[in-house]
Amino acid sequence: MKRLLVLVFIITVNVGTAFSQADAGVLSGIVTDTTGAAIAEATVTAVNAGTNAARTVKTAPNGTYQMENLTASVYEVSVTADGFAVLKAEVEVTVGGHAPLDAKLSAVGVTQTVEVESLGGSQVNTDSLEISEIISPQQVSELPSLTRNVYDFVAISGNISNGDAAQGHAENSANLGVGYSINGQRSSGTEILLDGIENTELFGDVVGIQVPIDSIAEVRMTTSNFEPQYGRASGGVVNVVTTSGTNRFHGTLTEFNRLAAYTANSVTGDLSGQPKGGYTRNQFGFFASGPVVKDKLFVAAGTECLRVRSDANVQAYILTPQVQSYLAPTVQSFLTQYGQTFAFANTLTNAQAGAASNPSNSNPSPLFPGVPSSTPALSLVNYNVPQDAGGGVPESSYNVTLRGDYNFSNKTAWFGRYITYRQSQPPGTTAYTPYSNYDVGATQRDYSALAGVTHTFSASLVTNGRVAFSRINLNNNSKPIAVTTPDLFLGASANIGGVNVAFPGTGFSLPYGGPQNAIQWNQDVNWIKKAHSLQFGSQVLYIQENRSFGAYAQATEQLAGSVTGDTTGYPGLFSGVLGTFSTAINPEGAYPGQMITTPATQPNFARSDRFHDWAVYGQDGWRATSKLTVNYGVRYEYFGVQHNNKQNLDSNFYWGLGAGLLQQIRDGTVYMAPQSPIHELWKPSYGTVSPRVGFAFDLLANGRTSVRGGYGVSYERNFGNVTYNVIQNPPNYGVIVQNKVQVTSTNLGALGNSIGPVTLPSTSLRNVSQNIRTPQTQFWSLAVEQQVAQNTIVAVEYLGARGTHLYDIKNINGLGSGNYLLGDPDAGANYAGLTRLNATYSNINNRGSSGDSYYEATNLRFKTVDLHRTGLGMTANYTWGHQIDDLSSTLSETYANGNGFNLGYTNPFDPGYDRGTGDLDVRQRFVIAPIYETPWLKSDRRLAGQVLASWEITGIYTARTGSSFTYYDSTNNDGTFFNVARYVPSTPISRWKYT
């Protein structure tokens, strides 16, 4: 910890004159006389309307000017030159945006005043290649959000998809990043920024710290062709900027309330006769801002509290006490030790349960053979759990933001920002079962601190920078019995009319959670040299992921499979024999095939993984002519290899020396990383060079029509949940899988007894390919924008992307792989003769980079602010596109990609076999977000004006086509759900083919 504090101190001292403009904007243009001749040495001054901070530049010999690192705000701009009248204008600069203002000066006379321009990002972009959407302060404040979450507004952008996700429904959804797939790439490929600093919880690859919506100024979503200052993303960049104080005092009090009384029951609840769940959602808070010292020191503070009380009605069947007397003694012992008593809503006899489980059979058998037909067998339990019944997951939380801005001088400005977030979710929100002793909840304790400074050395040289520290601490909690109890499960077919037969245990691994600490340092230098706007910068990011994850700490006892072909698990109830028993032990330095002592103990479930990342970039916006701006630059990205603070806890599976990958897997073995052939978990990737090039052409040299295009390359970091799981490898951790053993009431089973030395059996592995590549996305675009009215634009945008070396997870050591791939003889029946590529280990879940994707789309965009002074503002996007890939998500979590049916590819050594329409492919999507404010009586100070003025109608409306789906056939699968076959049409189908 001392080293971390020293590092923070060093960075703070050295960034006094430098940092990132990711959350700042640019004002640029050309100054000419009435004949179109360029005016050199004209003075352009921009004054921030909120703080009176001023910036001044001189025009170049060709009349061009550019102001970098302007805080997002409205600016009062004046342009002066000897012999010409003063021109004044009002321009809004948006976060990460380019605001154009061309000035045509007339002879000395009356001062010219230009109409308000560039409101809310509604200007034609004549400066850069990026494709983006701005969420203006008005939209942040006025657009509806059911959860008051600013990332809901990503929905109004074009060139995005969240699959089939809808309220209460999440098939094929994009659940990483900000919840959307951008530019046809995975949702994990989104870079999330807060005030120009990365805001990502690395383990889950989701938004890091939350921010109250009233404390947010605006948001920019860049969906293609982002500039070299941005990286760590394969899809897009979402940049949120907090609100700063101004010379005006401002304050709000808010109360946002939603009640179940105003919502309908779910379709499934209505069909099954269950009453709808109840909920009350209250969000309340305040925001205040203003000057401490006028024109010098400003403060802004906001707090939002959330209270959700919600429950959902759930059903499950429980074994009756009468039928339990027929069960195997080990099963009876388990239920006696861990069971609970219930109030039953309905009871089925053995005969009734058999009929209900097989309604299509006219002569059904009792459910449990050997038990009298009239014996009460299953009882229905209706129980309430703290779940989302329409108002969100039950929780109590508060979120506080404090920001200060200080104009030290007309050359130096400082700002600081602190955010804290506290959340508590009751047991049952994360995982639940009718046996409430095993319910799991969650707590979160986060904070983030940031300091930044902008210094202007001269009109042409500006530096800007940030240093930040954040801590995101998520933990799951439960009663102690949930940690010490094995999970006993029936098979997937053990249900009555779709209602599962439940046992103690949730399947959620405990312990789980821990703090992520991150230190970031961004530094940029902007230099205007004649017609060139040069920018150089660097980024350093240190992440410390302290995580506990009890994978198989609670033994998984699966009853299904104790009898060949059985998918219910019912026979195991009476024999006491499990299909599989899986648990985690401490091998004490041993590898499979070596001896371990008993009684065995559990392994250490905690790790402290470290990541050292950095990047450098340079870019130029060259104003080649008064009409043409050429953008070019390059970024170099380095993603550090994960390493534990105790490196002997790092272990991985490494290839052998055989000819070809298959033989190398057969000859491979596990090493602790320092003793491995490459001396670390995997080889670092150094070839991550990201060139970006493009142009912006002002077609008529009037700022009303532009043609823009570009091409670029970017790279995506792996996220912690994928690589962290190497914790499960020997010699410090072993996941033991035993077949056809007795039900046990302890997590270690027979190995927890003193039975003398035993041979460590085959263990499953979590392997990161030692030669894993860094995913690369190539993206390109061509756009035409036209101003059709004041503050109103339309655009046609063509976009494309090609993803290579995308992250994947697949089993490279499946049962039968030795027979099929290396020709091992198969002399047995019922899988007895099936072999693996590597006989020392069981399944090897490999983390690799063989994924591949293609995307093309056309987007039509319309944006207006206060259209023709009517009070109507609107953002609308229509996207028509097609996305193709061989794996749509790293973890195969989408249903079409095999969630519950497959892990990775059908054939792990031939990803192309799975190439087809992507899971998140939405062929057509239309979204419109209007804000209409009544224009009448705004200046009327009488009662009528106060009552009738400034009413609003607003909303976000989306229409889209559906996403793809897949049929799976597990008839001949061995029960592991790897490499499950797909149904394919018997006749050819047409498909979009890439060459």
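About the criteria used
Residues numbered from 1 in each chain as written. Predicted model: local features only at pLDDT ≥ 70, side-chain atom pairs only at ≥ 80, totals over all residues. Heavy atoms only, no water. UniProt positions renumbered as here; feature names shortened; annotations may be inferred. Phe/Tyr/Trp six-rings, centres within 6.5 Å; stacked < 30°, edge-to-face > 60°. Helix = DSSP H or I, 4+ residues; strand = E, 2+ residues; numbered from the N terminus. Buried < 20%, exposed > 50% of the residue type's maximum accessible area, 1.4 Å probe, protein only. Lys NZ or Arg CZ within 6 Å of the ring centre and 35° of its normal. Pairing = 2+ DSSP bridges.

As annotated in an unreviewed UniProt entry, the protein chain is TonB-dependent transporter Oar-like beta-barrel domain-containing protein from Tunturiibacter lichenicola. Per UniProt, the comment on the protein chain under Subcellular location (unreviewed entry) is "Cell outer membrane".

**A few points about the packing of aromatic side chains**
One pass over the structure, following the stated rule, counts 21 aromatic pairs. Here the aromatic rings of Tyr 512 and Phe 549 are separated by 5.7 Å at their centres, their planes lie at 85 degrees, and the arrangement is edge-to-face. Remark: Phe 549 occurs in strand E32 (residues 532-549) and Tyr 512 occurs in strand E31 (residues 512-529); sequence separation between them is 37 residues. Here Tyr 512 matches Phe 549 in class, with each residue buried. Arranged with centres 6.4 Å apart and planes meeting at 45 degrees, the rings of Phe 549 and Tyr 724 form a pair that is tilted. Here the residue Phe 549 occupies a position in strand E32, and Tyr 724 occupies one in the loop between helix H10 (720-723) and strand E43 (734-739), the gap between them amounting to 175 residues. Among the aromatic side chains, those forming a connected cluster through ring pairs are Phe 203, Phe 508, Tyr 512, Phe 549 and Tyr 724. Positioned above the aromatic ring of Phe 415 is the side chain of Arg 403, whose terminal nitrogen or guanidinium carbon lies 4.2 Å from the ring centre. Sitting above the plane of the Tyr 512 ring, Arg 547 keeps its charged end 5.4 Å from the centroid.

**As for the environment of Gly 498**
Looking at where Gly 498 falls in the secondary structure, it is placed in the loop between strand E29 (495-496) and strand E30 (499-500). Separated by 438 residues in sequence, Gly 498 and Trp 936 have C-alpha atoms that sit 57 Å apart.

**What to know about the sheet that holds strand E10 (residues 131-135)**
Spatially, 5 strands are ordered E10-E17-E18-E13-E14 in an open sheet, and the strand pairing comes out mixed. Two strands lie at the open edges of the sheet, namely E10 and strand E14 (197-198), each paired on one side alone.

**Digging into unusual backbone geometry**
At the junction of Leu 510 and Pro 511, the peptide bond is cis and its omega measures out at 0 degrees in the coordinates. Here Pro 511 shows up in the loop between E30 and E31. Omega for the peptide link from Pro 730 to Pro 731 comes to 15 degrees, which places this bond in the cis form. Tracing the sequence through the fold places Pro 731 in the loop between H10 and E43. The backbone of Asn 69 shows a phi angle near 60 degrees, a positive value even though the residue is not glycine. Tracing the backbone shows Asn 69 in strand E4 (residues 64-71). Despite not being glycine, His 679 has its phi angle at roughly 65 degrees, a positive value. Among the secondary structure elements, His 679 is positioned in the loop between strand E40 (669-672) and strand E41 (689-698).

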